[in-house]
Amino acid sequence: MDERPGSSTGPAADTAADPRPGLDPRAELSEFLRTRRARLKPEDVGLPDYGRHRRVPGLRREELAQLAGVSVAYYTRLEQGNGRNVSAEVLDAIARALRLSDAEHAHLTHLAKPKRHKKKPAARTEQVRPAMRQLLDTIDGVPAYITGRRSDIVAWNGMAAAVFGDWSELPAQERNWARLVFLRPDYRELFVEWDQKAYDIVAFLRMDAGCHPDDPRLSALVGELSVKSEEFRRLWAIHDVKEKSYGVKRLRHPLVGELTLNFESFRLTDGTEQTLITYHPEPGSPSAEALRLLASWGADATKAGTSASA
């Protein structure tokens, strides 16, 4: 691309002075444990089910404490948000009792024993290393982009613009997957399985919130989306968490129709918390031919992608 979106003013610019505090880590820990406990049935963990005599969904606190090998009082304090002195061994036991995934286990640890982040001046942009921008430009014929904190889109190549729309045409604060997916009807049309995309975005934001509960920009984003989107409020209340990984996405493109693309996520290890995401078709598939056509159309394809996202 001629424009380097990674060096332009990003979403952080409009919220750098946001005075609102971050999310309450005690409340987040409490709600996360409560929702994980509620989804388990006694028979799932080999306990007797007393049917209609149960007054709470899922496991009782005393049942979970028994499974984890801790006292009811200890677990109750933890579920009330008091995780200051909890050990890693106890968290491991509770994670096993709740049958948490690896991502959920990590999230529980972040919530119970949050890391103290050094206070730094709020940067107006999220920087992308020049070598990564060069890499994006050399990925030929495959949509690729880099996301940062809070699902911000911080850099992309020409094929990503051709498929998803040219994000350089958007105001900087709108270059954010959560805002695009929940606040723009055209992106609801772009993703064939929009519900899954929406779920994945919220689950990723939950992971980010667990790592950075004191982030006022993330709190502002969650607040905005909660006010403007009923779907976001519902998914946020579930407290599910998920790391970016890999899978298949089906898209509707205005020029070439439906695309079926495999996506891969590569977490950068340079301390930026950025992720490189690529989309590729099966060799010889109709989607491969469609991407080849988009690549040959160049700027015209980008304009078409932008019109679909405008």
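Here the structure is shown first, and the text comes after it.
Conventions used here
Residues numbered from 1 in each chain as written. Predicted model: local features only at pLDDT ≥ 70, side-chain atom pairs only at ≥ 80, totals over all residues. Heavy atoms only, no water. Helix = DSSP H or I, 4+ residues; strand = E, 2+ residues; numbered from the N terminus. Buried < 20%, exposed > 50% of the residue type's maximum accessible area, 1.4 Å probe, protein only. Contact = heavy atoms within 4.5 Å. Pairing = 2+ DSSP bridges. Axes fitted to C-alpha atoms, helices over the stretch in contact; angles between N-to-C directions. Left-handed = near helix turned anticlockwise from the far one by under 90°. Polar contact = N/O pair within 3.5 Å; in protein donor to acceptor, adjacent residues only side chain to side chain.

Caption draft 1: Local environment of the overall build of the chain. If you tally the helices and strands in the chain, you get 15 helices and 5 strands. Here the chain holds 310 residues, and the buried ones make up 50% of them. Restricting to contacts in the chain with at least 6 residues of sequence separation, those with at least 24 account for 62%.

Caption draft 2: Just the pairing of strand β4 (residues 257-267), in detail. Examined bridge by bridge, strand β3 (residues 246-253) and β4 share 8 bridges and lie antiparallel to one another. Looking at β4, one finds that H253 is bridged to G257. If you look at the hairpin formed by β3 and β4, you'll find 3 residues sitting between the two strands. As paired elements, β4 and strand β5 (residues 275-280) share 6 bridges and run antiparallel to each other. Bridging across to β5, F263 finds its partner in Y279.

Caption draft 3: Just the packing of helix α2 (residues 25-38) against helix α6 (residues 102-112), in detail. Here α2 crosses α6 at 145 degrees, and the two axes come no closer than 9 Å. For the crossing formed where α2 meets α6, the hand is left-handed. Residues E28, L29, F32, L33 and R36 of α2 lie in contact with α6, whose contacting residues are E104, H107, L108, L111 and A112.

Caption draft 4: Spatial organisation of helix α3 (residues 61-68). Of all the positions in α3, only E63, L64, A65 and A68 are classed as buried. If you follow the buried residues of α3, they end up packed against α2, α4 (72-79) and α5 (88-98). Immediately beyond the C-terminal end of α3, within one or two residues, lies G69, with a positive phi of roughly 75 degrees.

Caption draft 5: A look at the side chain of R36. Tracing the chain through its elements places R36 in helix α2. The exposure class of R36 is buried, given its relative accessible area of 1%. In this view, R36 contacts L98, L100, E104, I238, H239 and D240; residues no more than four positions away in its chain are not counted.

Caption draft 6: How the structure looks around the side chain of N176. Residue placement: N176 occurs in the loop between α8 (158-164) and α9 (177-183). Overall, N176 belongs to the buried group, its relative accessible area being 0%. At 3.2 Å, the side chain of N176 forms a polar contact with the side chain of S151. Ignoring sequence-local partners within four residues, the contact set of N176 consists of R150, S151, D152, I153 and L221.

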